[in-house]
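So you can see what is in the structure, the chains are spelled out below.
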Amino acid sequence: MTWFEALIMGIVQGLSEYLPISSSGHLEICRSMLGIDINGAEALDFDLALHVATVLSTITVLRAEFVPLCRSFFTLRRDANTTYVWKLIVSCIPIGIVGLCFKDQVEALFGGSLTMVGVCLMVTALLLAFAYFFRTREAIATHRAGRPVGWADAIIIGLSQAVAVLPGLSRSGTTIATGIILGDDRSAVARFSFFMVIIPILGEALLDGVKMASGSEEFGSGVGAMQLLIGFVAAYVVGCLACRWMLNIVSRGRMIWFAVYCALMGLACIVW
């Protein structure tokens with residue numbers, strides 16, 4: 001992988017992590033288009049580093065909300081912030097089970113199958129379209145806000161995040177659309193979606209770091225330190241911009257255009 005390819009991958013990750021178009025799917029598309037030849041383990045290591053960068057961009061953009069959540073949770077306060085954090089933790093249980101019990105099977109799906117990516121992008125398009133026509137359009141017309149994310153909503157949204165490990169099925173699109181379909185406020189569920197990915201990504205990064213420190217696992221040799229740094233910085237900077245942009249898009253109810261994009265891109269992947 002060259003530094004330019006790493007830059008492109010970082011930019012794509014920064015955009016697609018927040019926009020409902022599937023970061024894993026678009027990274028796979030980029031690898032195929034650019035002819036990047038790295039094996040599955042190396043690709044996942046690099047992708048994980050890019051995901052950590054976008055997690056840091058989430059914390060940066062939403063720091064005014066993130067810091068009070070951490071302060072309340074770690075000081076054991078019994079307030080709304082602590083309750084919110086516990087909802088986030090509960091929502092991460094399904095993805096944690098998938099990661100611990102089915103990691104090998106999930107990694108096998110990242111083997112370069114653009115057909116799988118295309119099908120999942122089509123599913124993402126259908127989910128976004130359903131959320132728009134079933135809930136969003138009516139809410140915009142009546143100027144009606146949805147409800148806050150509840151406990152049952154957190155569990156259901158968490159299940160949708162676990163399903164969205166499939167390459168091409170957008171994590172942000174799936175979780176936000178699920179929350180909107182449940183009747184949650186659009187802006188509230190977008191923030192919840194961005195916060196809920198922090199725990200599994202940082203958890204996976206910590207586990208990989210422990211494995212590398214113990215010598216049981218090595219970072220992919222096909223990715224150099226310079227490429228990793230360039231991709232990381234690009235994903236972080238673009239992620240900060242995309243996060244703010246996506247929050248504005250969701251609040252205005254304009255996700256339907258991403259359904260059109262995902263449908264066209266999915267069809268292109270299947271034909272390719």
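Chemist: So what exactly am I meant to see when it comes to the overall build of the chain here?
Modeler: Counting its secondary structure elements, the chain contains 14 helices and 0 strands. In the chain, the succession of α and β elements from N to C terminus is α-α-α-α-α-α-α-α-α-α-α-α-α-α. For the chain, the proportion of contacts with a sequence separation of at least 24, taken over those separated by at least 6, is 81%. Looking at the chain as shown, the accessible area adds up to about 12,900 Å², and 70% of this sits on carbon and sulfur atoms.

Chemist: Help me understand the side chain of Thr54, please; the structure alone is not making it clear to me.
Modeler: The topology assignment puts Thr54 in helix α3 (residues 40-61). Exposure remark for Thr54: the relative accessible area of 2% places this residue in the buried category. Setting aside its immediate chain neighbours within four residues, Thr54 contacts Gln13, Gly14, Glu17, Tyr18 and Ala235.

Chemist: Any chance you could explain the side chain of His51 here in plain terms?
Modeler: In this fold, His51 is placed in helix α3. In this structure, His51 is in contact with Gln13, Glu17, Ser23, Leu27 and Ile201, ignoring residues within four places of it in sequence.

Chemist: Is there a simple way to think about the pattern of salt bridges in this case?
Modeler: Close approach of charged atoms lets side chains of opposite charge pair. For the coordinates displayed, the defined rule picks out 5 salt bridges. Salt-bridge contacts for Glu17 lead to Arg171; the nearest nitrogen and oxygen are separated by 3.6 Å. Residue Glu17 is found in the loop between α1 (3-16) and α2 (23-34), and its partner Arg171 is found in helix α10 (residues 171-182); the two are separated by 154 residues along the sequence. Classification of Arg171 by relative accessible area gives buried; the value is 13%. Taken together, the shared-partner salt bridges in this structure form one network comprising Arg147, Asp153 and Asp184.

Chemist: Which parts of the structure should I look at to understand helix α5 (residues 80-91)?
Modeler: Along an α-helix, residues three or four apart share an orientation, since each turn contains 3.6 residues. Here α5 is 12 residues long and its end C-alpha atoms lie 17 Å apart, about the 16 Å a rise of 1.5 Å per residue gives. What α5 keeps buried is the set Thr82, Val85, Lys87, Leu88 and Ser91.

Chemist: Can you walk me through the environment of Leu126 in this structure?
Modeler: As for its placement among the helices and strands, Leu126 is situated in helix α8 (residues 114-142). Overall, Leu126 belongs to the exposed group, its relative accessible area being 63%. Sequence-wise, Leu126 and Val260 are 134 residues apart; in three dimensions their C-alpha atoms are separated by 9.2 Å.

Chemist: Which parts of the structure should I look at to understand empty space enclosed by the protein?
Modeler: With a probe scaled to a water molecule rolled over the atoms, the places where space remains empty come into view. Following the criterion strictly, the structure yields 1 cavity of 30 Å³ or more and no others. The calculated volume of the largest cavity comes to roughly 70 Å³. Taken together, Leu128, Ala131, Tyr132, Thr136, Ala177, Ile180, Arg186, Val250, Gly253, Arg254, Met255 and Ile256 make up the full set of residues lining the largest cavity. For the lining of the largest cavity, the secondary structure elements donating two or more residues are α8 and α10. Tallying contributions element by element places α8 first for the lining of the largest cavity, with 4 residues. The residue inventory of the lining of the largest cavity, partitioned by class, reads 8 nonpolar, 2 polar and 2 charged.

Chemist: I would appreciate a short explanation of the packing of α5 against helix α9 (residues 151-163) in the present structure.
Modeler: The packing of two helices is summarised by the inter-axis angle and the distance between the axes. Orientation of α5 relative to α9, taken along the N-to-C sense of each, is 35°, at an axis distance of 8 Å. Judged by the sense of rotation from one axis to the other, the crossing of α5 with α9 is right-handed. Counting all contacts with α5, which are made through Thr83, Trp86, Lys87, Val90 and Ser91, the residues of α9 involved are Trp151, Ala154, Ile155, Gly158 and Gln161.

Chemist: I tried to follow unusual backbone geometry on my own but got confused; where do I start?
Modeler: What you tend to see is this: most non-glycine residues have negative phi, and most peptide bonds are trans. Despite not being glycine, Ser22 has its phi angle at roughly 75°, a positive value. With respect to the secondary-structure elements, Ser22 resides in the loop between α1 and α2. At Leu76, a residue that is not glycine, the phi angle is positive and equals roughly 60°. Along the chain, Leu76 turns up in the loop between α4 (63-74) and α5.

Chemist: Quick question: what am I supposed to make of the nonpolar core here?
Modeler: Across soluble globular proteins, you tend to see nonpolar side chains buried next to one another. Core analysis: the largest hydrophobic core is formed by 51 residues, its most contacted members being Ile176, Phe194, Phe195, Met246 and Met255. Among all residues touching Phe194, those that are not within four sequence positions of it are Tyr18, Thr58, Leu62, Arg171, Ser172, Ile176, Cys243, Met246 and Leu247. With 12 residues, the next largest nonpolar core counts Val12, Leu50, Val223 and Ala235 among its residues.

Chemist: Can you help me understand the packing of α1 against helix α13 (residues 225-251) in this one?
Modeler: At a closest axis distance of 7 Å, the pairing of α1 and α13 adopts a crossing angle of 25°. Classed by the angle they form, the pair α1 and α13 counts as roughly parallel. Between α1 and α13 the crossing geometry is right-handed. For the pair α1 and α13, the contacting residues are Trp3, Ala6, Leu7, Gly10, Ile11, Gln13, Gly14 and Leu15 in the first and Gln227, Ile230, Gly231, Ala234, Ala235, Val238, Gly239 and Ala242 in the second. When grouped by side-chain class, the residues that make up the contact of α1 with α13 number 10 nonpolar, 6 polar and no charged.

So, how was this worked out
Residues numbered from 1 in each chain as written. Predicted model: local features only at pLDDT ≥ 70, side-chain atom pairs only at ≥ 80, totals over all residues. Heavy atoms only, no water. Helix = DSSP H or I, 4+ residues; strand = E, 2+ residues; numbered from the N terminus. Contact = heavy atoms within 4.5 Å. Areas by Shrake-Rupley, 256 points an atom, 1.4 Å probe, with all protein chains shown as cover. Buried < 20%, exposed > 50% of the residue type's maximum accessible area, 1.4 Å probe, protein only. Salt bridge = Lys/Arg side-chain N within 4 Å of Asp/Glu carboxyl O. Expected span 1.5 Å × (residues − 1). 1 Å grid on protein atoms, 1.4 Å probe; cavity = no way out; pocket = protein on both sides within 12 Å on 5 of 7 lines; lining within 4 Å. Points joined across faces, edges and corners; volume = space filled by probe spheres on them. Nonpolar A, V, L, I, M, F, W, Y, C, P; charged D, E, K, R; others polar. Axes fitted to C-alpha atoms, helices over the stretch in contact; angles between N-to-C directions. Left-handed = near helix turned anticlockwise from the far one by under 90°. Core = buried A, V, L, I, M, F, W, Y, C linked by side-chain atoms within 4.5 Å. Parallel < 35°, antiparallel > 145°, perpendicular 65-115°, else oblique.

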